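Chain and residue survey
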Amino acid sequence: MEISVKHILCFGDSNTHGYIPGGGRYDDDTRWTGILRQLLGSDYMIIEEGLNGRTSSFDDPFEPFKNGMDYIVPCLETHKPLDLTILMLGSNDMKQRFSPSTQKIAASLECLARLILDVSESPVLLVSPILLGDNMANSDFAPSFSPEAVSISHELGAALKDVADKLQIPFMNAADYAAPSPTDSLHLTAEGHMALAQAFYKKVLEII
């Protein structure tokens, strides 16, 4: 009997792309997407769609083409049929230039999740991103993130859980499993990628 391969789209930002704190990109076997592929085995296809600087729906005047809402439909149409989309965005929405608030980011991700559900006609796992580190003020990324952004990162998990409940879709809080690197207070360490992959593995098996 032929087994149907399950296709999972991982739509996110630099922590899906695999940005290394300090610069560069983790290799295939270190990124959480690659580890998840190994854990799930050959019955699953992991499609990596991580872009450094990607926002949920905000146009960045300094980094064009980063708006997730603008790209999501052609992305979904490219990779259909899908069995699941893992949506993990929100960190870049916290940048000062977007005048962020918890409610604004949650509303934006709700719109994006709704669009994915409509276009993909398959489940969406809504994921609240890891926290911004308390040492952000001393990070190379400090000019982009105000102290208020760190507070927003602590509030976003509960807000996105409410969104997931409203849409009746599965939810996961990445901050429950991994923390930002002390190097830049924004990106995952290799250990964080491993921990997150293991959490995603359990969650995927619950959904599919």
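Scroll up a little and you will see the structure.
To start, this report covers the structure provided alongside it. Here the structure is a predicted model, which is why all the values come from computation and not from measurement.

1. Let's talk about the packing of helix H4 (residues 102-120) against helix H5 (residues 147-167)
Where H4 meets H5, the closest approach of the two axes is 9 Å, and the angle between their N-to-C directions is 35 degrees. Relative to H5, the crossing made by H4 is right-handed. Facing Thr102, Ile105, Ala106, Leu109, Glu110, Ala113 and Arg114 of H4, the residues of H5 in contact are Ile152, Glu155, Leu156, Ala159, Leu160, Val163, Lys166 and Leu167. Tallied by class, the residues present in the contact of H4 with H5 amount to ten nonpolar, one polar and four charged.

2. Examining the sheet that holds strand S4 (residues 124-128)
Sheet strands pair via backbone hydrogen bonds, and the direction of the pair is either parallel or antiparallel. Read from one edge of the open sheet, five strands run S2-S1-S3-S4-S5, paired in parallel fashion. Edge positions in the sheet fall to strand S2 (44-50) and strand S5 (171-173), since each has one partner strand and no second. Each strand of the sheet is rotated relative to its neighbour by a mean of 20 degrees, with strand direction disregarded. In the sheet, S4 pairs with S5 via three bridges, with the strands oriented parallel. What sits directly across from Leu126, in S5, is Phe171. On top of the sheet, helix H3 (residues 68-79) reaches strand S1 (6-12), S2 and strand S3 (84-88); it is set at about 165 degrees to S1, its chief contact. Lying over the sheet, H5 contacts S4 and S5, oriented at roughly 165 degrees with respect to S4.

3. Things to note about the packing of H3 against H4
Relative to each other, H3 and H4 sit at 15 degrees, their axes nearing to 10 Å. Classified by the angle their axes make, H3 and H4 are roughly parallel. When you trace H3 past H4, the crossing you get is right-handed. For the pair H3 and H4, the contacting residues are Gly68, Met69, Ile72, Val73, Leu76 and Glu77 in the first and Ser108, Cys111, Leu112, Leu115, Ile116, Val119 and Ser120 in the second.

What counts, and where the lines are drawn
Residues numbered from 1 in each chain as written. Predicted model: local features only at pLDDT ≥ 70, side-chain atom pairs only at ≥ 80, totals over all residues. Heavy atoms only, no water. Axes fitted to C-alpha atoms, helices over the stretch in contact; angles between N-to-C directions. Helix = DSSP H or I, 4+ residues; strand = E, 2+ residues; numbered from the N terminus. Left-handed = near helix turned anticlockwise from the far one by under 90°. Contact = heavy atoms within 4.5 Å. Nonpolar A, V, L, I, M, F, W, Y, C, P; charged D, E, K, R; others polar. Pairing = 2+ DSSP bridges. Parallel < 35°, antiparallel > 145°, perpendicular 65-115°, else oblique.

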